[in-house]
Amino acid sequence: MRPLRPFNFNTSAELFPAAIRKKKRAGFAYRRFGTAAEAVRFAMEELPSDSLNGAYLQVEEARFDQNGIRTLYESEAFPLPRRAADKAPDADAA
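Residues numbered from 1 in each chain as written. Predicted model: local features only at pLDDT ≥ 70, side-chain atom pairs only at ≥ 80, totals over all residues. Heavy atoms only, no water.

Student: Can you walk me through the overall build of the protein chain in this structure?
Tutor: Within the protein chain, the regular secondary structure consists of three helices and four strands. Start at the N end of the protein chain and walk to the C end: the helices and strands fall as β-β-α-α-β-β-α. Within the protein chain, the proportion of its 94 residues that are buried is 32%. Restricting the contact set of the protein chain to residue pairs at least 6 apart, pairs at least 24 apart contribute 54%. (Helix = DSSP H or I, 4+ residues; strand = E, 2+ residues; numbered from the N terminus. Buried < 20%, exposed > 50% of the residue type's maximum accessible area, 1.4 Å probe, protein only. Contact = heavy atoms within 4.5 Å.)

Here it is in structure tokens:
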């Protein structure tokens, strides 16, 4: 297995969210970002899950589906701060 070349989060990117067919208005349309990092963060933190399902990110010649976007977001190389996950209720607090 050959190693993957490093992903450049500073490259411009285009995000194509899936249309929400259940609603009259999709809410999100095609969007261009100055960096792939901004596009990945937007997709993971701002898009409703039904829009992310079926969405894809285009960076240069590469396309990333929902799973690929999630992998980029969870990567150690992801350069932006991530939104803090909602904390589950503490068992010790009871």
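This is not the end of the story, as more comes after the structure.
Student: Would you mind going over the packing of aromatic side chains with me for this structure?
Tutor: Aromatic ring pairs are described here by two measures, namely the spacing of the ring centres and the angle between the planes. Under the defined criterion, the tally for this structure stands at seven aromatic pairs. For the pair F7 and F9, a centre-to-centre distance of 4.8 Å together with 75° between the ring planes defines the contact as edge-to-face. The class for F7 is partly exposed, based on a relative accessible area of 26%. On the accessibility criterion, F9 (6% relative accessible area) is buried. Look at F16 and Y30: their rings are 4.9 Å apart centre to centre, the planes differ by 50°, and that puts the pair in the tilted class. Within this pair, whereas F16 is found in strand β1 (residues 13–16), its partner Y30 is found in the loop between β1 and β2 (31–33), the two being separated by 14 residues in sequence. Assessed through its relative accessible area of 44%, Y30 is described here as partly exposed. Members of the aromatic cluster, connected to one another through ring pairs, are F7, F9, F64, Y73 and F78. The residue whose ring lies beneath R31 is F42, and the NZ or CZ to ring-centre distance is 4.5 Å. In this arrangement the basic side chain of R82 is found over the ring face of Y73, its NZ or CZ atom lying 5.7 Å from the centre. (Phe/Tyr/Trp six-rings, centres within 6.5 Å; stacked < 30°, edge-to-face > 60°. Lys NZ or Arg CZ within 6 Å of the ring centre and 35° of its normal.)

By themselves, these are just geometric observations and shouldn't be taken as functional.
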